[in-house]
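Architecture and fold: a report
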Amino acid sequence: MQLFRTLADADVTGKRVLVRVDFNVPMHDGEVADVSRIERNTPTIREIADRGGKVILLSHYGRPKGRDPKESLKPVAAAVARILTRPIGFAEDCVGQVAEQAVAAMKPGDILCLENTRFHKGEEKNDPEFAGKLARLGDLYVDDAFSVAHRAHASVEAIAHLLPVYAGRAMQEELDALKRALLDPVRPVTAIVGGAKVSTKLNLLSNLITKVETLIIGGGMANTFLAALGKPVGKSLCERNLIQTARDIIAKARALNRAIVLPVDAVVAPKLAAHVATRVLTVDEVGAEDMILDIGPRSIEQAVSVLARSKTLVWNGPFGAFELEPFDNGTIEVAEAAAELTADNRLVSIAGGGDTMAALNIAGVVDRFTYVSTAGGAFLEWLEGKKLPGIEVLQTNRTPAVTPARVLSE
Ligand code: 3PG
Ligand code: MG
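Residues numbered from 1 in each chain as written. Chains lettered and ligands numbered in written order. Predicted model: local features only at pLDDT ≥ 70, side-chain atom pairs only at ≥ 80, totals over all residues. Heavy atoms only, no water.

1. Topic: the environment of Gly390
Note the threshold: Helical segments are the DSSP runs of H or I of at least four residues, strand segments are the runs of E of at least two, and each set is numbered from the N terminus. Relative accessibility thresholds used throughout: buried, under 20% of the residue-type maximum; exposed, over 50%; partly exposed, between the two (1.4 Å probe, protein chains only). When checking whether two residues touch, look at their non-hydrogen atoms; a contact exists if any pair is within 4.5 Å.
Residue position: Gly390 is located in helix α14 (residues 389-396). With relative accessibility at 0%, the residue Gly390 sits in the buried group. A sequence separation of 131 residues divides Gly390 from Ala259, and the C-alpha atoms of the two residues are 33 Å apart. If sequence neighbours within four positions are ignored, Gly390 has contacts with Asp143, Ala149 and Val156.

2. So, the site of ligand 1
Where we set the bar: Throughout, the term near means that a residue has one or more heavy atoms lying within 4 Å of the molecule or strand in question. Any pair of N or O atoms that falls within 3.5 Å is considered a polar contact. Within protein, one atom must be able to donate a hydrogen and the other to accept it, and sequence-neighbouring residues count only if both atoms are side-chain atoms. For the area figures, the Shrake-Rupley method with a 1.4 Å probe applies, and any residue is considered shielded solely by the protein chains shown. Residues are sorted three ways: Asp, Glu, Lys and Arg are charged, Ala, Val, Leu, Ile, Met, Phe, Trp, Tyr, Cys and Pro are nonpolar, and all the rest, Gly among them, are polar.
Around ligand 1, the neighbouring residues are Asp22, Asn24, Arg37, His60, Arg63, Arg118, Ser147 and Arg151. Residue Asp22 places a side-chain N or O atom 2.8 Å away from an oxygen atom belonging to ligand 1. Measuring from an oxygen atom of ligand 1, one finds a side-chain N or O atom of Arg37 at 3.0 Å. In isolation ligand 1 exposes 310 Å². Once the protein is present, 86% of that is buried. Considering only residue class, the shell around ligand 1 consists of no nonpolar, three polar and five charged.

3. Things to note about the pattern of salt bridges
Stated precisely, the cut-off is as follows: Criterion for a salt bridge: a side-chain nitrogen of Lys or Arg within 4 Å of a carboxyl oxygen of Asp or Glu.
Evaluation of the coordinates by the stated rule reveals 17 salt bridges. Residue Asp50 is joined to Arg86 by a salt bridge in which the shortest nitrogen-to-oxygen separation is 3.0 Å. Taken together, the residues Asp50 in helix α1 (residues 36-50) and Arg86 in the loop between α2 (74-84) and β6 (89-91) connect sequence positions 36 residues apart. Under the relative-accessibility criterion, Arg86 is labelled partly exposed at 23%. Salt bridges here are not isolated pairs; linked through shared partners, they connect Glu47, Arg51 and Arg169.

From the geometry alone we can't say anything about function, so treat these as descriptive.
See the structure below:
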């Protein structure tokens, strides 16, 4: 049994609390284009400040090569202040004199955002010396950034060996949701895996097929599976070099007595463009000039009836080319059905990874799912069954005594 401590176990009053958040948010014209990640971190920030802690926010942003004003966290910090409706101080560096002076000037309840941790090489190298410079700024460390837990970086991993560690509220919620998704789910469990390419989801498929009763495959990657079964896919996206791999996955599912559900019909068009003429065909009728761009109505029905017989859903990746109407229809219809089953307490619905949040936002179901993760790579790696460095360190570095603790996994 492994345990991790949460904010509820931390005495933050008057303390300097380093909080790892993920402010790696999409920006457009200097403004935050999607505030979802920031909103997830606000309960932790508010709680620590309200309990009289000094909140010191640590995050990376983008993938800068050294210090680069275009990758500054300053505009993000301003957006966070607006969302919190509280002032937030900003330090132009995350370590050294600038940061130390800014922290020394803080009073209980103050919030300070440090500059992008990736401006320093030590961050991505998980350098203990750099982590030491960060750790000097705080008395405790709260990790509230599941979405970066797959990175063994200094502000995620090395730092957590140097200070007492706690999971923030968003991290706690995420880990609880993931536990309900795969570690300890109510069965039967169905996974929906969509998205363009099989190649990016091979480990995911291999792991999920051992964990779920039914695997529904959608998106461009379903074409490779259809081709593996000898179906015509015309001009559709299809990774021919992975046809044998797709066959192996189908065989593995059979051997384990798990079901793989593939589309039975498709919405096709001559090309991926807005307002093109579309047709609905069965997967046996796709012509040489056709491009499969979404699942058809019978495939939607099929997916919905699987969900109606499931107790838990884990969803990663859209069914069609959802960025373009009408190819978002399959994703929207199935998402809507999952949201309704969730509202009726018949389904635990958990989604995340890459485009998934964007697709479910278009479907307007994010608030009606049990949990939608804002994580991309971290959610995928977790579904692949990998150990995430940021989670491992939460579980192992629990000094001092653990009371009360929470169960993460057996
Ligand atoms: C993400 O957006 O996936 C996380 O913030 C991690 O960022 P990275 O992929 O640049 O490491
Ligand atoms: Mg990423």
